[in-house]
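# Architecture at a glance
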Amino acid sequence: MALRRRTMLAAVPLLALAACSETGGENANRVNEINRDRFVSGDGSNYRWEEPDERFAAPRLTGDDLDGEPIDTDDWAGSVLVVNFWGSWCPPCVAEAPYLVEAAAEFKDEGVRFLGVNIRDTADAAKAFERRWGVEYPSLSDEAGRVADQFVDYGLSPNDIPATIVIDAEHRVFSIWRGEIDDAETLIADVRKALEPS
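Keep in mind the model is a prediction, meaning the values are calculated, not measured.

Here we take up the environment of glutamate 136. Looking at where glutamate 136 falls in the secondary structure, it is placed in the loop between helix H4 (123-133) and strand S6 (139-142). Relative accessible area serves as the criterion here: at 71%, glutamate 136 is assigned to the exposed category. As for glutamate 136 and alanine 105, which are separated by 31 residues in sequence, their C-alpha atoms are 9.1 Å apart.

Structure representation (structure tokens):
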């Protein structure tokens, strides 16, 4: 069940995904094999801060998407955000992809922004993943783990993906998912709650 106390967050450091020295396009298949061997799926826990005064500021995320276009979450001020850390080489990321796509479609006309953070991947593999699953929202390219490092104090350990964070309209953390999302309805309910005026 979701936990509401902020003190639980310190017990679950969330996403200090380390940089992988074996990135690059020369041997993408080998890189993906190494990443599959290294990754550790989250424990499936979901932490939620339903009271606005319990929430804490989310970091500003900046970088380039998979096509080299700049992204800055400050440009989305006033929008609820759903940030999902994923890799094409990660089996639970494959399993949850349809649920994220379904949730994104649910909120397409409600100003909710979905953002992927693609971890230790090649651009070709990541784009193929998005085409396969019909992912229409952008993803930051985070081969070196720079974006993920901003979540080291939020409870994610190295190689612990997938992970999903729901951020309210004032860009405070509403909920953190450690591990695979196994249905769209629960994520949709979290976003609906985050959309409520605070």
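What follows concerns the sheet that holds strand S8 (residues 173-178). What the 6 strands build is an open sheet, ordered S1-S8-S7-S4-S5-S6; its pairing is mixed. Two strands in the sheet have a free side with no partner beyond their single neighbour: strand S1 (46-48) and S6. Strand-to-strand, the axes of this sheet are offset by a mean angle of 15 degrees, without reference to chain direction. Pairing between S1 and S8: 3 bridges, direction antiparallel. Note on S8: the bridge partner recorded for tyrosine 47 is isoleucine 176.

Attention now moves to unusual backbone geometry. For arginine 120, which is not glycine, the phi dihedral falls at a positive 40 degrees. Mapped onto the elements of the fold, arginine 120 is located in the loop between strand S5 (113-119) and H4. Residue arginine 120 is classed as buried on the basis of its relative accessible area of 2%.

A few words now on the packing of helix H3 (residues 91-106) against helix H6 (residues 184-195). Running from amino to carboxyl end, H3 crosses H6 at an angle of 40 degrees, the nearest separation of the two axes being 9 Å. Classified by the angle their axes make, H3 and H6 are oblique. Relative to H6, H3 is oriented so that their crossing is right-handed. Facing H3, whose interface residues are Tyr99, Leu100, Glu102, Ala103 and Glu106, H6 presents Ala184, Glu185, Leu187, Ile188 and Arg192. Classifying every residue of the contact of H3 with H6 by side-chain character gives 6 nonpolar, no polar and 4 charged.

Pairing of S5 with S6 involves 4 bridges; the strand directions are parallel. What sits directly across from isoleucine 119, in S6, is aspartate 142. In this fold, the crossover linking S5 to S6 by way of H4 has right-handed handedness.

Now for the nonpolar core. A general trend in soluble globular proteins is that nonpolar side chains are found buried together. Core analysis: the biggest nonpolar cluster contains 31 residues, and Leu61, Phe85, Ile119, Ile161, Ile165 and Val173 have the highest contact counts within it. Those elements giving two or more residues to this core turn out to be strand S4 (81-86), H3, S5, H4, helix H5 (146-149), strand S7 (163-167) and S8. For this core, the leading source of residues is S4, giving 4 residues. When residues no more than four places from it in sequence are discounted, the contact partners of valine 173 are Trp49, Arg55, Phe56, Ala58, Tyr154, Ile165, Val166 and Ile167. If you look at the next biggest cluster of nonpolar residues, it comprises 19 residues, including Val80, Ala103, Ile188 and Val191.

Residues at a pLDDT of 70 or more form 75% of the chain, whose mean pLDDT is 80. For residues 1-41, every residue scores under 50 in pLDDT, and the model assigns this stretch 108 contacts once sequence neighbours within four places are set aside.

Once that is clear, we can look at the pairing of S8. Among the 6 residues that make up S8, 6 are buried, leaving the element largely enclosed by the rest of the structure. With 5 bridges joining them, S7 and S8 adopt antiparallel strand pairing. In the strand pairing of S8, isoleucine 165 is matched with isoleucine 176. Hairpin geometry of S7 and S8 is characterised by an intervening segment of 5 residues between the two adjacent antiparallel strands and by a positive phi of about 60 degrees at histidine 171.

Calculation rules
Residues numbered from 1 in each chain as written. Predicted model: local features only at pLDDT ≥ 70, side-chain atom pairs only at ≥ 80, totals over all residues. Heavy atoms only, no water. Helix = DSSP H or I, 4+ residues; strand = E, 2+ residues; numbered from the N terminus. Buried < 20%, exposed > 50% of the residue type's maximum accessible area, 1.4 Å probe, protein only. Pairing = 2+ DSSP bridges. Axes fitted to C-alpha atoms, helices over the stretch in contact; angles between N-to-C directions. Parallel < 35°, antiparallel > 145°, perpendicular 65-115°, else oblique. Left-handed = near helix turned anticlockwise from the far one by under 90°. Contact = heavy atoms within 4.5 Å. Nonpolar A, V, L, I, M, F, W, Y, C, P; charged D, E, K, R; others polar. Right-handed = clockwise from strand over helix to strand, strands pointing away. Core = buried A, V, L, I, M, F, W, Y, C linked by side-chain atoms within 4.5 Å. pLDDT = per-residue confidence, 0-100.

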